[in-house]
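# Structure at a glance
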Amino acid sequence: MNTPSKPTLTGGCQCGAVRYALASEPTGASICHCRMCQKAFGNYFAPLTGVPLKDLVWTKSEPGIFKSSEAVERGFCRDCGTPLSFRYVESNRISVSIGSLDDPGRVQPETQYGMESRLAAFETLHTLPETEDSATPEELAKMASRQHPDHD
């Protein structure tokens, strides 16, 4: 669990139990609409970006691993459930979930996979009305984040 001397990006789970550092700039950013990714992320798609396996260092604890098929293993935080990684077991590359990066805005998806499973609602999300939060100050106080900050 050594941190690279100057990590390119860092990230981790929502509760802070699992943290990682990337020693190279991630490439191949994508979103995957396949049914397995929908289930793994509990969402319409999975946003991922990758590095060579040697360039990912788990700096605090290590994720749980679920083999979603003979070909794929997925890493997640055992405490809060955050999806963290995706890896073809015979590959020397590993992907991390873009949302688990401390600075996810630095990575822009370049392609989409699993289009056969893309949900119809995905195409119209941008047309939904936008609203302001109407919670009272008391309600907002109860919603104070327990999330780990986006840094070590």
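All figures in this text were calculated on a predicted structure; none of them were measured in a lab.

Pairing in this open sheet of three strands is antiparallel, and the strands run β1-β2-β5 from one edge to the other. Each edge of the sheet is formed by a strand with only one pairing partner; in this case those strands are β1 (9-12) and β5 (56-60). Strand-to-strand twist in this sheet, taken as the mean axis angle between neighbours without regard to direction, amounts to 25°. Pairing analysis gives four bridges linking β1 to strand β2 (residues 19-22), with the strands arranged antiparallel. When the sheet's bridge partners are listed, T10 is paired in β2 with A21.

With respect to the element layout, P129 can be found in the loop between β10 (111-113) and α2 (137-142). Along the sequence, P129 and S91 sit 38 residues apart, while their C-alpha atoms lie 42 Å from each other.

Bringing the packing of aromatic side chains into the picture now. Summed over all chains, the structure comprises three aromatic pairs. Look at Y20 and W58: their rings are 5.7 Å apart centre to centre, the planes differ by 80°, and that puts the pair in the edge-to-face class. You can see Y20 sitting in strand β2 and its partner W58 sitting in strand β5, a full 38 residues away along the chain. By relative accessible area, which is 0% here, Y20 ends up buried.

What follows is about the pattern of salt bridges. Going through the model one piece at a time under the given rule, you end up with six salt bridges. In this structure, R19 and D102 form a salt bridge, with 2.7 Å as the shortest nitrogen-oxygen distance. With R19 in strand β2 and D102 in the loop between β9 (93-97) and β10, the pair connects residues that are 83 residues apart, well separated along the chain. Across this residue pair, the class does not change: R19 and D102 are buried. Salt-bridge contacts for R118 lead to E123; the nearest nitrogen and oxygen are separated by 2.6 Å. Assessed through its relative accessible area of 44%, E123 is described here as partly exposed. Several salt bridges converge on common partners, so that one network encompasses R19, D102 and D152.

So, how was this worked out
Within each chain, residues carry numbers counting from 1 in the order of the written sequence. Totals for whole chains, interfaces and linings use all residues, but because this is a predicted model, local features are given only for residues with pLDDT of at least 70 and pairs of side-chain atoms are given and counted only at 80 or more. Just so you know, side-chain values use all the structure's heavy atoms and leave hydrogens and water out. Note: two strands are recorded as paired if DSSP finds a minimum of 2 bridges between them. Strands are runs of DSSP state E lasting at least two residues, helices are runs of H or I lasting at least four, and both sets are numbered from the N terminus onward. For helices, the fitted axis covers only the stretch in contact; all axes are lines through C-alpha atoms, and the angles between them, taken along N-to-C directions, range from 0 to 180 degrees. Two rings from Phe, Tyr or Trp (for Trp, the six-membered ring) form a pair when their centres sit within 6.5 Å of each other. Planes less than 30 degrees apart are called stacked, planes more than 60 degrees apart edge-to-face, and all others tilted. Type-normalised accessible area, obtained with a 1.4 Å probe on protein chains alone, sets the label of each residue: buried when under 20%, exposed when over 50%, and partly exposed for intermediate values. The term salt bridge refers to a side-chain nitrogen of Lys or Arg lying within 4 Å of a carboxyl oxygen of Asp or Glu.

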